[in-house]
Every structure is written in C-alpha cells, then in structure tokens.
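Listed below are the residues making up each chain.
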Amino acid sequence: HRTALVLDDLWLSQDTDSEALRELLATVPEGSIVIAAVNQDEDLDAFSVPLDEFDLQDVRKLIDAQVKRLKLRPVDHFDEAFAHRLYKLVGGHPATLTWFLRAYKSSGQTLEERLHALARGAGLDQLFATVWDHLDRQQRALLAACECLGGSASTEQLAIACEVRREEAGSVAERLLGEGL
C-alpha cells in the first residue's frame, strides 16, 4: 500500500531506537513518501531540502499562526511592530520564534517585559531549554567544556575536557555548530 508519512522535529542519534527508525524508513514501500523535518540533514540517508530562516513577512505569518494556536492574548499586541522587533532580536529561525512565544506564554511576564529581558540576554535559558533537553550527554558536555574554556578551545582541548577521542569531539562540535550552537 502507498503510504504518506510526515515526521516533524525528528532528532536522531546513534542509539538503537534511531537506527531502528532509519531501517524502517529505508524499507518504505515503493510509491510511498516520507517527509521528515530532521535536526541534521545527515541524520537520514535521503534527499534533503534545507529550511532557510524566514524573512520578516514569513515571521509575521508564523507569529499570527502561533498566537492563534497558543491562544496568546491580547492578540493586538502581536502586530507588525512586534514581529519586526522579535525578528531583530532572534532572527527568522522558525523554532526560535516558536520557542520565544511558548516561553512567553508560560513566563507570567508581560510581552514588553519578555522582549526587554530577551534584548538584555536574560531568560535565554528558558528560551533554549527545549534545545538543551534534546541534546545528548556528549553534546551537553562539549557545550559545558566550551563555556569553561571561554569558547575558544581547540578540538584537542575539548576532547581532553570531555574525555573522548579527538575525532569524536570534532564530530560532536560540528553537529552543534550546524545547529547554531
């Protein structure tokens, strides 16, 4: 039977569950289609189409859709000026924009307080908590080592700090850089 399978926000690693999913996707019946939004394009052996950052017009559309979906109030606060301001602060990456709106909803702050805090760099831990939750132990260790070493460490230094082979540290670092971390 023909099948259409859509997978969103797929985070794969080298564990057995991820490998089992890769095997399943490699055996999809002919005539079927799989559309997967993956964290890294090399996670799956398939044709990939990179998603670029949204322009301001697309940011506005995404904000409108998320405001409706998340039932954010008052709706009139999420206008063109808000979209422009948020775009200047975090860019046009759809996940970052969505994370901001989710964090705002659960923050208890006014929208103005949340934007002002973001502009100062405060609250970034909440904004990126979703990202941190998706990182594996090695990725978290490497980011912690980067922080301790001032962000200018060599691959060899990171490998020593994380107690892994240099090649492994390099591979983890490349994945994190690909994610914008």
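The sections below set out a description of the structure shown in this document. (Residues numbered from 1 in each chain as written. Predicted model: local features only at pLDDT ≥ 70, side-chain atom pairs only at ≥ 80, totals over all residues. Heavy atoms only, no water.)

1. Side note on the overall build of the protein chain
Helix and strand counts for the protein chain stand at ten helices and two strands. Residue burial in the protein chain is summarised as follows: out of 181 residues, 30% are buried. Taking the intrachain contacts of the protein chain between residues at least 6 apart in sequence as the baseline, contacts between residues at least 24 apart amount to 58%. With an accessible surface of roughly 12100 Å², the protein chain has 52% of that area assigned to carbon and sulfur atoms. (Helix = DSSP H or I, 4+ residues; strand = E, 2+ residues; numbered from the N terminus. Buried < 20%, exposed > 50% of the residue type's maximum accessible area, 1.4 Å probe, protein only. Contact = heavy atoms within 4.5 Å. Areas by Shrake-Rupley, 256 points an atom, 1.4 Å probe, with all protein chains shown as cover.)

2. Here we look at the packing of helix H4 (residues 94-107) against helix H5 (residues 111-120)
Where H4 meets H5, the axes come as close as 10 Å, and the angle between the chain directions of the two elements is 125°. The angle between H4 and H5 falls in the class oblique. Of the two possible hands of crossing, H4 and H5 adopt the one that is right-handed. Listed contacts from H5 to Phe-100, Ala-103, Tyr-104 and Ser-107 of H4 are Leu-111, Arg-114, Leu-115 and Leu-118. Across the contact of H4 with H5, the residue classes tally to six nonpolar, one polar and one charged. (Axes fitted to C-alpha atoms, helices over the stretch in contact; angles between N-to-C directions. Parallel < 35°, antiparallel > 145°, perpendicular 65-115°, else oblique. Left-handed = near helix turned anticlockwise from the far one by under 90°. Nonpolar A, V, L, I, M, F, W, Y, C, P; charged D, E, K, R; others polar.)

3. Description of the pattern of salt bridges
Considering all chains together, one arrives at six salt bridges under this definition. Close ionic contact of Asp-64 with Arg-60 constitutes a salt bridge, the shortest N to O distance being 3.1 Å. Of this pair, Asp-64 and Arg-60 both sit in helix H2 (residues 56-70), separated by four residues, roughly a single helical turn. Each of Arg-60, Asp-64 and Glu-80 takes part in salt bridges that share partners, so that together they form one network. (Salt bridge = Lys/Arg side-chain N within 4 Å of Asp/Glu carboxyl O.)

4. Quick word on H2
Here H2 contains 15 residues, and its C-alpha end-to-end distance of 20 Å stays within 8% of the 21 Å for a straight helix at 1.5 Å per residue. For H2, the set of buried residues is Val-59, Leu-62, Ile-63, Gln-66, Val-67 and Leu-70. Each buried residue of H2 lies within a common arc of 135° when the element is viewed along its axis, so the set occupies one face. Of the residues in H2, the exposed ones pointing more than 90 degrees away from the buried face are Gln-57, Lys-61 and Lys-68. On its buried face, H2 is in contact with helix H3 (80-90) and H4. Within two residues after H2, Lys-71 carries a phi angle of roughly 55°, on the positive side. (Expected span 1.5 Å × (residues − 1). Arc of directions from axis to C-beta.)

5. Some thoughts on H4
Its 14 residues place the ends of H4 20 Å apart at the C-alpha level, agreeing with the 20 Å of an ideal helix rising 1.5 Å per residue. Considered for burial, the residues of H4 that qualify are Pro-94, Thr-96, Leu-97, Thr-98, Trp-99, Phe-100, Leu-101, Ala-103 and Tyr-104. Where H4 terminates, the next one or two residues include Gly-108, which has phi positive at roughly 80°.

6. Re the environment of Gln-157
Looking at the secondary structure, you find Gln-157 in helix H9 (residues 155-162). Those residues within four positions of Gln-157 in sequence are excluded, and the remaining contacts are Leu-149 and Ser-152.

7. Quick word on unusual backbone geometry
Trans is the common state for peptide bonds, and a negative phi is the common state for residues other than glycine. Between Arg-73 and Pro-74 the backbone carries a cis peptide bond, its omega angle lying at -10°. Structurally, Pro-74 can be placed in the loop between H2 and H3. The phi dihedral of Lys-71 is positive, around 55°, even though this residue is not glycine. Along the chain, Lys-71 falls in the loop between H2 and H3. A positive phi angle is found at Glu-163, which is not glycine, with a value near 55°. Within the element layout of this structure, Glu-163 appears in the loop between H9 and helix H10 (166-178).

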